[in-house]
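One-letter residues, chain by chain:
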Amino acid sequence: MKINNQIYTFNDVKDVYSSYIHDEEDLKRIEKAYLFAEKKHEGQFRKSGDPYISHCIGVAYILAGLQVGPKTIMTGFLHDTIEDTDTTREEIEKEFGSEVATLVEALTKVTRLSDYKNVEFTAENHRKIFVAMAKDVRAIIVKLADRLHNMRTLQFQPREKQIRISRETLDVYEPIAHRLGLYKIQTELEELSLWYLEPEKFTEIENKIAEVEKDAKASLSELRQQLISILNRSHIPFSISARVKSVYSIYKKMYTKNYAFDQIYDLMALRIITETEQNCYEILGYVHANYKPVPGRFKDYIAMPKPNMYQSLHTTIVSNKGHVFEIQIRTQAMDETAEGGVAAHWRYKEGTKYDPKVEQVEIENQLHWFKDFVSMTEEGGDGNARDYMDSLSHDIFDANVYVFTPKGNVICLPNGATPIDFAYRIHSDLGEHLQGARVNGILVPISTSLKTGDVVEVITNKNSNPNSEWLNIAKTNFAKSKIRKYLIHQNADYVREDNIKKGRQTLLDSFRERKINIDLSKVLTRQLFDKLNVKDADDLFLMINGKTILPYQVIEASDQIVYGGKMSDEEIQSQINNRVYKRKNTSDAVILANGDTVLTSLAACCTPVPGDDIIGFVSTGQGVKVHRVDCPNVNREGVQDRLIQVMWNPNVTKLGEYPVDLAVEGHDRPGLLVDIMNTLSANDAKVNKIQAKYNPSLNTSTISMTILVSEKEQLSHFLHALTNVKGVFAIKRVHH
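Computed from a predicted model, the values in this text were never measured in an experiment. (Residues numbered from 1 in each chain as written. Predicted model: local features only at pLDDT ≥ 70, side-chain atom pairs only at ≥ 80, totals over all residues. Heavy atoms only, no water.)

Participant: Just checking my understanding: could you explain the sheet that holds strand S18 (residues 658-667) for this structure?
Facilitator: Strand pairing within a sheet occurs via backbone hydrogen bonds; the two strands may be parallel or antiparallel. Reading across from one edge, S19-S20-S18-S21 is the order of the 4 strands in this open sheet, with antiparallel pairing throughout. Looking at strand neighbours, the two that pair on one side only are strand S19 (686-695) and strand S21 (728-733), the edges of this open sheet. The sheet shows a mean angle of 20 degrees between the axes of neighbouring strands, taken without regard to direction. Across 5 bridges, the pairing between S18 and S21 is antiparallel. Residue Val664 lies in a different strand from S21, and its bridge partner there is Ile731. The sheet contacts of helix H29 (residues 672-682) involve S18, S19, strand S20 (700-709) and S21, and relative to S20 the element is tilted by about 20 degrees. Across the sheet, helix H30 (residues 712-723) touches S18, S20 and S21, and the angle it forms with S20 is around 155 degrees. (Pairing = 2+ DSSP bridges. Helix = DSSP H or I, 4+ residues; strand = E, 2+ residues; numbered from the N terminus. Axes fitted to C-alpha atoms, helices over the stretch in contact; angles between N-to-C directions. Contact = heavy atoms within 4.5 Å.)

What follows is the structure, encoded as structure tokens:
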């Protein structure tokens, strides 16, 4: 694997952007942005030892290579100034204008806390950038350039961080690069991620490609010369180049679709570039007239473009030497879009008259899925961050079924989607009053699975409303979330009251599981309701029962609210004094370092168990919260004055059972979950809950579980047993 980790200079970037940006004022503003960033990042260094500004230059170089406009390049230089220096948004706006300031702010993390193990925190940062993208797609293009440069320099990070960043790249950033048609960035992100996650398989595939190239090189060269001779006689303008399929594309076919290497027919291809669409079809005719096409391998992406605007004709033929090659035929404009995707949209365009709102509308008209993405973000952008990211991943990034409205608009849906999903994707009101549907002019049940090319018409009735069966029919997370919310808020009082009781009990049980003794009335404050975006306690309980809000989110939110304000030394001591009982022979699990007892509860965010190194946090009215010393919540700025030394009670031998949240990562295979369950059972582990999630891009599974342990030594025993399960390659204790 050859990694492009070259260190660029400002002049390198300038050489690229000055080849297509010629306005003197724009050129001056770009250089001003560079000098501003260089001054702000002065004295900062990367893990490699290079000055931090080298990263900003690298990001700007990638952006200039896409031929984006001056404000996007300026953002590339400035993208880390608010997050990593003392720069404010107001300062950026004063120096470079509101557009650049808005873009830089969108690229700033939600908080400076680098808590990469906190799933909700990570989802919130991802949501922030995607919400910004819905308003101005340039934000995500800069973020993709930022991620690509970080991937190019990932060798300087510890192994654990390499794995985490690579997996996140494939799960979050590669799909959006693909959807935006940024082929070069997408391919490099895929290759680098696979290199760090599966180095042995990467090398194996790379070696196989080299063998095939060596064997087929002469045949490919001969085919190219034959095609040049054939097309020269036709007087059609053209150029021909060769390309080899990427390692990651081959990996996916081999390990996700179970292809043998010899079954991958489009390993090597010739690309023919011509002038017009008509030329493309004429060239296709000459190719098929002279070579035998492989049945079922012809694809017309010109008549039916991919969702990322990709257009080309693909056909697979057998050469005279018996080798199988793919032929791609497209125009020069199609080739630019295929390589640069949505970024090609702005070439030579972004300037003083650029209007993000107008450009977004134009992008929505070209990228069919983008309008759905904007709609989903506007309707779901204020809810739970993890739900939003799950919906985005499944409903948008994994969508590969393309159906039409009666007016000819394209709607992208995931496999198995039904008219219910279609209706909700267009508008929530259509979904809530769906009565029936016509597919290709024929009345069909609303449970019908849609397929690419279907024309779908929604039939509505103001008296028709969702029912619980719809949850079993709908396939998109977005539709399910809307249906669930409707059912939760339906007017049947007996159902509502019952659901409120169930939700309340679920929350209480979750507090008990985590050994938190608390007065619920003190938790249910207006501040908590606002933080979770609910009206009142009843609304919260309904959401919990409907699984729209999870109990741990309430626990975490209540903790964060308590952490919110500073306390004076007197207040801290008062809190401790009010809770201390002078009993040396206490049976409490945790006591103060001097042996006194105090009202304590174990923090839900890091779930400490006896044997863990612990620290106490003095909370307002709730005694002392006990955290693991490595918990990010007690390593934040502004909380050090509220920490107190605590310890596990040495006089108590049986401290009870404590919940621990684990994430087990494994290569997906039949029976993986069963083997994990059997291992836990064989070791007498008590499992409260367990859930498996398949990661198709990596062919791995994440098994999330909560187990009960009495001490750290017992936990270590369970972890050791799980590492011996075939396919398991990582186990982590989860921070919430």
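Next comes the rest of the write-up.
Participant: Any chance you could explain the packing of aromatic side chains here in plain terms?
Facilitator: One pair of aromatic rings is described through two measures. These are the centre distance and the angle between the planes. This model, assessed by the stated rule, comprises 11 aromatic pairs. Judged by centre distance (4.4 Å) and plane angle (15 degrees), the rings of Phe10 and Tyr34 are stacked. Remark: Tyr34 occurs in helix H2 (residues 24-40) and Phe10 occurs in helix H1 (residues 10-17); sequence separation between them is 24 residues. Residue Tyr34 is classed as buried on the basis of its relative accessible area, which comes to 11%. Aromatic pair Trp648 and Tyr658: ring centres 6.2 Å apart, planes at 70 degrees, arrangement edge-to-face. Taken together, the residues span a long stretch of sequence, with Trp648 in strand S17 (residues 646-648) and Tyr658 in strand S18 at a distance of 10 residues. A single burial state applies to Trp648 and to Tyr658, both of which are buried. By way of ring pairs, the aromatic residues Phe10, Tyr17, Tyr34 and Phe77 are connected into one cluster. Positioned above the aromatic ring of Phe96, the side-chain terminus of Lys32 is 5.4 Å from the ring centre. Between the NZ or CZ atom of Lys201 and the centre of the ring of Tyr255, over which it lies, the distance is 4.3 Å. (Phe/Tyr/Trp six-rings, centres within 6.5 Å; stacked < 30°, edge-to-face > 60°. Buried < 20%, exposed > 50% of the residue type's maximum accessible area, 1.4 Å probe, protein only. Lys NZ or Arg CZ within 6 Å of the ring centre and 35° of its normal.)

Participant: Which parts of the structure should I look at to understand the sheet that holds strand S10 (residues 442-444)?
Facilitator: If you trace the 3 strands from one edge of the open sheet to the other, you get S10-S9-S11, paired in antiparallel fashion. Both edges of this open sheet fall to S10 and strand S11 (456-460), since each of them pairs with a single strand only. Neighbour-to-neighbour, the strand axes of the sheet open up by a mean angle of 35 degrees, direction not taken into account. Where strand S9 (residues 434-439) lies against S10, 3 bridges are found, and the strand directions are antiparallel. Bridge pairing in S10 places Ala437 opposite Val444. Contacts between helix H19 (residues 419-426) and the sheet are confined to S9 and S11, with S9 contributing the most and set at about 105 degrees to the helix.

Participant: In this structure, what is going on with the state of the cysteines? I would like to understand it.
Facilitator: A disulfide bridge is the covalent bond that connects two cysteines by way of their sulfur atoms. Applying the stated criterion across every chain, the model contains 0 disulfides. Between Cys606, a free cysteine, and Cys631, which holds the nearest cysteine sulfur, the sulfur-to-sulfur gap is 3.8 Å. Residue classification places Cys606 among the buried positions, given a relative accessible area of 0%. (Disulfide = S-S within 2.5 Å.)

Participant: Looking at this structure, I do not really get the pattern of salt bridges. What am I missing?
Facilitator: Close approach of charged atoms allows side chains with opposite charge to pair. What the rule picks out here adds up to 23 salt bridges. Among the ionic pairs, Arg330 bridges to Asp335, the shortest N-O distance being 2.8 Å. No difference in accessibility class separates Arg330 from Asp335, as the two residues are buried. Note that Glu457 is salt-bridged to Arg438, the shortest N-O span being 3.7 Å. With a gap of 19 residues between them, Glu457 in strand S11 and Arg438 in strand S9 connect regions that are remote in the sequence. (Salt bridge = Lys/Arg side-chain N within 4 Å of Asp/Glu carboxyl O.)

Participant: For this particular structure, what's the right way to read the packing of H19 against helix H22 (residues 477-488)?
Facilitator: When two helices pack together, their arrangement is captured by the angle between the axes and the distance separating the axes. The interhelical angle for the contact between H19 and H22, taken along N-to-C directions, is 80 degrees, at an axis separation of 9 Å. Classed by the angle they form, the pair H19 and H22 counts as roughly perpendicular. Each of Ile420, Asp421 and Tyr424 in H19 lies in contact with H22, whose residues at this interface are Phe478, Ala479, Lys482 and Ile483. Tallied by class, the residues present in the contact of H19 with H22 amount to 5 nonpolar, no polar and 2 charged. (Parallel < 35°, antiparallel > 145°, perpendicular 65-115°, else oblique. Nonpolar A, V, L, I, M, F, W, Y, C, P; charged D, E, K, R; others polar.)

Participant: For this particular structure, what's the right way to read the nonpolar core?
Facilitator: Nonpolar side chains tend toward joint burial in soluble globular proteins. Counting 54 residues, the largest nonpolar core has Tyr17, Ile73, Phe77, Leu78, Leu144 and Ile185 as its most contacted members. The element contributing the most residues to this core is helix H3 (residues 53-65), with 8 residues. Ignoring anything within four residues of it in the chain, the contact list for Leu78 reads Ala33, Phe36, Ala37, Ile92, Phe96, Val100 and Val104. (Core = buried A, V, L, I, M, F, W, Y, C linked by side-chain atoms within 4.5 Å.)

Participant: Any chance you could explain a nonpolar patch on the surface here in plain terms?
Facilitator: A cluster of nonpolar residues, Leu673, Met677 and Ile690, forms a patch on the protein surface that exposes about 210 Å² of accessible area. On the secondary structure map, Leu673 appears in helix H29. Look at Leu673 and you get partly exposed, because its relative accessible area is 35%. (Patch = residues over 30% accessible without salt bridge, like charges linked within 9 Å, V, L, I, M, F, W, Y side chains within 5 Å. Areas by Shrake-Rupley, 256 points an atom, 1.4 Å probe, with all protein chains shown as cover.)

Participant: Mind showing me how you'd approach the pairing of strand S8 (residues 410-413) here?
Facilitator: Within a regular beta strand, the side chains point alternately toward one face of the sheet and then the other, so they alternate between its two faces. Covered by surrounding structure in S8 are Val410 and Cys412 together with Ile411 and Leu413, the residues of both alternating faces. Looking at chain direction, strand S7 (residues 401-404) and S8 are connected through 4 bridges and run antiparallel. Opposite Val403, over in S8, you have Ile411 as the bridge partner.

Participant: Looking at this model, I keep getting lost on unusual backbone geometry. Mind explaining?
Facilitator: Across the chain, the bulk of peptide bonds are trans and the bulk of non-glycine residues have phi less than zero. Positioned with a positive phi, Gln67 is a non-glycine residue whose angle comes to about 60 degrees. Despite not being glycine, Asp684 has its phi angle at roughly 60 degrees, a positive value. Tracing the backbone shows Asp684 in the loop between H29 and S19.

Participant: What's the story with the environment of Glu339 in this structure? I'm lost.
Facilitator: For Glu339, the position within the fold is in helix H15 (residues 332-340). C-alpha of Glu339 to C-alpha of Lys184: the two residues are 155 residues apart in sequence and 6.1 Å apart in space. If sequence neighbours within four positions are ignored, Glu339 has contacts with Gly181, Leu182, Tyr183, Lys184, Arg271 and Arg330.

Participant: Looking at this structure, I do not really get helix H11 (residues 183-197). What am I missing?
Facilitator: An α-helical turn contains 3.6 residues, so any two residues separated by three or four positions project in the same direction. Across its 15 residues, H11 extends 21 Å between first and last C-alpha, which sits within 8% of the 21 Å expected from 1.5 Å per residue. Inspection of H11 places Ile185, Gln186, Thr187, Leu189, Glu190, Glu191, Leu192, Ser193, Leu194, Tyr196 and Leu197 among the buried residues, and these make up the whole buried set. Those residues of H11 that are buried are in contact with H3, helix H9 (138-152), helix H10 (159-179), helix H12 (199-234) and helix H13 (247-255). (Expected span 1.5 Å × (residues − 1).)

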